[in-house]
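One-letter residues, chain by chain:
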There are 2 protein chains.
Amino acid sequence: MIDTILNHRTIRKYKNDPVDDHVINKILTAGIRASTTGNMQVYSIVVTTGQELKKKLWEAHFKQDMVLQAPVIMTFCADFNRFNKWCKLRKAVPGYDNFLSFFTAAIDALLTAQNCALAAESLGLGICYLGTTTYNAEIISELLNLPRNVVPVTTLVAGFPDESPELTDRLPLEAVVHHEKYTDYTKEDIDRHYFEKEALETTKALIKENKVETLARIFTEKRYTREDNELFSRKLLEIIKEKGFLT
Amino acid sequence: MIDTILNHRTIRKYKNDPVDDHVINKILTAGIRASTTGNMQVYSIVVTTGQELKKKLWEAHFKQDMVLQAPVIMTFCADFNRFNKWCKLRKAVPGYDNFLSFFTAAIDALLTAQNCALAAESLGLGICYLGTTTYNAEIISELLNLPRNVVPVTTLVAGFPDESPELTDRLPLEAVVHHEKYTDYTKEDIDRHYFEKEALETTKALIKENKVETLARIFTEKRYTREDNELFSRKLLEIIKEKGFLT
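Within each chain, residues carry numbers counting from 1 in the order of the written sequence. Chains carry letters from A onward and ligands carry numbers from 1 onward, assigned in written order. It should be noted that, the model being predicted, local features are given only for residues of pLDDT at least 70 and side-chain atom pairs only at 80 or more, the latter also being counted only at that level, while totals for whole chains, interfaces and linings use all residues. Derived side-chain values reflect all non-hydrogen atoms in the structure, with water molecules and hydrogen atoms excluded from consideration.

Every helix listed is a DSSP run of H or I at least four residues long, and every strand listed is a run of E at least two residues long, numbered separately from the N terminus. Scanning chain A from N- to C-terminus turns up 13 helices and five strands. Radius of gyration: C-alpha atoms only; globule rule: 2.2 Å multiplied by the number of residues to the exponent 0.38. Its C-alpha atoms give chain A a radius of gyration of 20 Å, within 12% of the compact-globule value 18 Å for 247 residues. Its C-alpha atoms give chain A principal-axis dimensions of roughly 60 × 45 × 35 Å. Relative to its full complement of 247 residues, chain A shows a buried share of 60%. Residue contacts are counted whenever heavy atoms from the two residues lie within 4.5 Å of one another. Taking the contacts inside chain A whose residues are at least 6 apart along the sequence as the reference set, 77% of them involve residues at least 24 apart. Where accessible areas are quoted, they stem from the Shrake-Rupley method and a 1.4 Å probe; at the residue level, only the protein chains shown are allowed to cover. Total accessible area on chain A is roughly 10100 Å²; 50% of this is exposed by carbon and sulfur atoms. The buried label goes to any residue with under 20% of its type's maximum accessible area, the exposed label to any with over 50%, and the partly exposed label to all in between, with areas taken from a 1.4 Å probe on protein chains only.

And the structure:
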């Protein structure tokens, strides 16, 4: 179990081979064992394998190749639609049209997604998370016919790996773990925690390739810019509201 | 691996035995292998074991017994503080004071939490998620000295189980999985999906004990009421703003 976790690699190249339905079912069955708030299971998983719809999702996910290549796309949604319908059919008046409920449902969906990711990996598949889900939640929502009270929060693509990447670097454990209370970082802490990452040959190559002064500037100026973040923040808040979670 | 996932039970009673530091480190090491947006690792984990602080957290978590009993409390936080500090020390101007960045960091924190939960279980420990983290995020934030740009999103307690509960019921897979696109639920779908849950002896006992007509009303009238949801929604949005993510 821990080996599966420790060996996780994000896979960005996939073979053409389809994934059997019984394998997909094993992954999903593992997914729904994740903890869920009050056992409400306020999430849904949309499994897309058809080429035509996958192509549209690929566009929504900024045309990242793996969305077209990987045979299975799982979109994990915060979902109070099913629960609300059940309440109304059982003489109960639901009060879940608010931000807390959205966030609760998002937590449910994300824990389920990570169970699915690990189950897939333990079955020999590779996976990749698509952070673009929250950027283009509205388009994805339209493509997948998501009704009111359902918001996509993350996506996993899965399939047989066609690459064997190295383990990705991580900050040392002490950089992200605090004992008893949070201890804020001094300049020296930051230098120490980021030393290894900044010393990597891959980091140096990336800086050269991007023609910037530091790795941090690749993040702020190329990958996750203020302009993009502010645009997609507005869009994400809009769809949360539109779906009835910010009344 | 899949066995660990399938055997998950939430544990609410714990033995007194402490958890060795090397076991805690194994759990955390597994945690940081989770996928993280752009490998930014925009989360922190606060590990609390001291009795005095645990008692204060227990109060913040609505005095749920397991918070006092379990020897280890891990608070998972969306954290752009470390990343922003790094950016500023590297001549980069961070643009992460917005809702998208908060949500990105929350996703990072939640995937990490689920890795820790499964690692703990595979090492023979029991775990319980505390949904109350988002309810009382402000109080928890004060107790743990969380600075600007850090918001607690979930908590795990862990320790040696002092109970062996049955597997919790789940809706049938077809209730939460959609193929290709989302298919909205008819009355018949809802009846079918909730049939098993509503037929459980434990459900019937719960309805009797709560003196209500249906299981759904226990959720809407006792456990997750509109009044509470609206109060805690306001508080959650307030702390997200206060921490600099809704500018």
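Turning to the relation of the copies chain B and chain A, a few remarks are in order. We place the copies in one frame by least squares, fitting the C-alpha atoms of every residue whose pLDDT is at least 70 in both. Expressed as a screw transformation, the operator carrying chain B onto chain A has a rotation angle of 180° and an axial translation of 0.0 Å, and the superposed copies differ by an RMSD of 0.0 Å. As the rotation angle and translation indicate, the two copies are arranged about a two-fold axis. When C-alpha distances to the rotation axis are compared across chain B, the minimum falls at Met 1 of chain B, with a value of 2.0 Å. A shared binding surface is used by both copies, with 100% of the interface residues of chain B retained as interface residues in chain A.

A word on the interface of chain B and chain A. Across the contact, 113 residues belong to chain B and 113 residues belong to chain A. At the boundary of chain B with chain A, total buried surface from both sides reaches about 10600 Å², with 62% on carbon and sulfur atoms. Here, a salt bridge means any side-chain nitrogen of Lys or Arg that lies within 4 Å of a carboxyl oxygen of Asp or Glu. Here chain B and chain A share 10 salt bridges between them. Asp 97 of chain A is the partner of Arg 226 of chain B in a salt bridge, and the nearest nitrogen-oxygen pair spans 3.0 Å. Side-chain atoms alone can form a polar contact between residues adjacent in sequence; in general such a contact is a pair of N or O atoms within 3.5 Å, and within protein one must be able to donate a hydrogen while the other accepts it. Linking chain B with chain A are 78 residue pairs in polar contact (both at pLDDT 80 or more). Sort the elements by how many residues they give to the side of chain B that touches chain A and helix H6 (residues 99–122) of chain B lands first, with 14 residues. Note that Gly is not counted as nonpolar here; it falls among the polar residues with everything else outside the nonpolar set of Ala, Val, Leu, Ile, Met, Phe, Trp, Tyr, Cys and Pro and the charged set of Asp, Glu, Lys and Arg. Looking at the side of chain B that touches chain A residue by residue, the classes come out as 61 nonpolar, 31 polar and 21 charged. Bridge analysis of strand E1 (residues 43–48) of chain A against strand E5 (residues 177–179) of chain B gives three bridges, and the strand direction is parallel. The buried area of a pairing is the accessible area, by a 1.4 Å probe, that goes missing from both parts when the two are put together, added over both. Should DSSP find at least two bridges between two strands, the strands are regarded as paired.

Stacked, tilted and edge-to-face are the three classes assigned to paired rings of Phe, Tyr and Trp, where Trp is represented by its six-membered ring and a pair needs centres within 6.5 Å; plane angles under 30 degrees give stacked, over 60 edge-to-face, the rest tilted. Counting across every chain of the model gives 36 aromatic pairs over all chains. Positioned over the ring face of Phe 219 of chain A is Arg 223 of chain A, at 5.2 Å from the centre of the ring. Charge-over-ring placement is defined geometrically: NZ (Lys) or CZ (Arg) within 6 Å of the ring centre, and within 35 degrees of the ring normal.

Time to look at the sheet that holds E5 of chain B. The strand order E3(A)-E4(A)-E2(A)-E1(A)-E5(B) describes an open sheet built from five strands, whose pairing is mixed. Pairing within the sheet leaves two strands with one partner each, and these edge strands are strand E3 (126–129) of chain A together with E5 of chain B. Sheet twist, expressed as the average angle between the axes of neighbouring strands with direction ignored, equals 25°. A fitted line through C-alpha atoms represents every axis, and for helices the fit uses only the stretch in contact; the resulting angles, taken between N-to-C directions, go from 0 to 180 degrees.

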